[in-house]
Amino acid sequence: MDPVDHFHLHDGEIYLDVASDWRSFHVATADIGIRDIGTRFSVRNIDQHLAVQVAEGAVEIRHAGGYTRLHAGEKITRDPEQSSRWIHDRLRSDDIAPWRQGFLMFDAQPLHSVLNELARYHAVRFDLADPALAGIQVSGRFRLDELDSSLRILAATLQLEIERPEPARIRLTPLHARK
């Protein structure tokens, strides 16, 4: 079988470690293309939220606005409010695909995004009793294999009650809403 030199990511996240002596490797996702330049990097495309992070080497990203080159320790994300705008930033080494070490990390992410990410790794569906909960900002590091611990932390921090009306369904209710 010939080695793969391209990959199309429809939805999800991938971490790649591409040999520097191999031919160029390409990843396509949504409306962008990524070409590695002998590197380790991650690509994330979940619900049209795009991010590319480089651990080592460099990648070249082709998008509607042109080309962007990222080097080790850099990341780029598409602005969720304006899809033609890209946000270029530095990253910490533990930011790159933390799921590989069994963690999820959030930095001022809306609660609905945190719950969607937890649901990706567990066979559960989350319901919010109050839609206003969806936008509450959450920061923290959660173990992937400890859903109940993560929920207890969220409940204590955000003053929520966690109910399980069904085994695969979890309902979050503000404590002040209980009668």
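This write-up is about the structure you can find in this document.

**Concerning unusual backbone geometry**
Non-glycine residue Ala 30 carries a positive phi angle of around 50°. Within the secondary structure, Ala 30 sits in the loop between strand S3 (26-29) and strand S4 (32-46). Despite not being glycine, Ala 97 shows a phi value in the positive range, around 45°. Mapped onto the elements, Ala 97 comes out in the loop between strand S8 (86-90) and strand S9 (103-110).

**Side note on helix H2 (residues 147-158)**
Taking 1.5 Å of rise per residue, the twelve residues of H2 would be expected to cover 16 Å, and the 16 Å separating its terminal C-alpha atoms lies within 8% of that figure. Three or more residues of H2 are buried, namely Leu 147, Ser 150, Leu 151, Leu 154, Ala 155 and Leu 158. Looking straight down H2, one finds that the buried residues subtend no more than 135° of arc, so they occupy a single side. Turned more than 90 degrees away from the buried face of H2, the exposed residues are Arg 152, Ala 156 and Thr 157. Elements that come into contact with the buried residues of H2 comprise helix H1 (111-121), strand S10 (125-128), strand S11 (137-143), strand S12 (160-166) and strand S13 (169-174). Within two residues after H2, Gln 159 carries a phi angle of roughly 55°, on the positive side.

**Some remarks on the packing of H1 against H2**
The N-to-C vectors of H1 and H2 enclose an angle of 170°; their axes lie 12 Å apart at closest approach. Taken together, the axes of H1 and H2 are roughly antiparallel relative to one another. Contact residues: Leu 111, Val 114, Leu 115 and Leu 118 in H1; Leu 147, Leu 154 and Leu 158 in H2. Class assignment for the residues of the contact of H1 with H2 results in seven nonpolar, no polar and no charged.

**Here's the deal with the side chain of Glu 117**
Mapped onto the elements, Glu 117 comes out in helix H1. Side chain to side chain, Glu 117 and Arg 44 meet in a polar contact 2.6 Å long. Within the structure, the side chain of Glu 117 is placed 3.0 Å from the side chain of Arg 120, a separation counted as a polar contact. When sequence neighbours within four positions are dropped, the list of residues in contact with Glu 117 reads Arg 44, Ile 46, Leu 104 and Phe 106.

What counts as what
Every chain is numbered on its own, with residues counted from 1 as its sequence reads. Reporting in this predicted model follows two pLDDT cut-offs: at least 70 for local features of residues, and 80 or more for side-chain atom pairs to be given and counted; totals over whole chains, interfaces and linings ignore these cut-offs and use all residues. Side-chain measures here rest on the full set of heavy atoms in the structure, leaving out hydrogens and waters. Secondary structure follows DSSP: runs of H or I at least 4 residues long count as helices, runs of E at least 2 residues long count as strands, and numbering of each begins at the N terminus. Given the number of residues in a helix, its expected span is that number minus one, multiplied by 1.5 Å. Each residue is placed in one exposure class: buried if its accessible area under a 1.4 Å probe, protein chains only, is under 20% of its type's maximum, exposed if it is over 50%, and partly exposed if it falls in between. Throughout, the arc means that of the directions going from the helix axis to the C-beta atoms. Contacts were defined at the residue level, with two residues in contact if any of their heavy atoms lie within 4.5 Å. Axis geometry follows a simple rule: fit a line to the C-alpha atoms, using only the stretch in contact for helices, then measure angles between N-to-C directions, giving values from 0 to 180 degrees. In this scheme, roughly parallel covers angles under 35 degrees and roughly antiparallel covers those over 145, while 65 to 115 is roughly perpendicular and the rest are oblique. Just so you know the grouping, Ala, Val, Leu, Ile, Met, Phe, Trp, Tyr, Cys and Pro go in nonpolar, Asp, Glu, Lys and Arg go in charged, and all remaining residues, Gly too, go in polar. We call two N or O atoms a polar contact when they sit within 3.5 Å, provided that within protein one can donate a hydrogen and the other can accept it, with sequence-adjacent residues counted only if both atoms are side-chain atoms.

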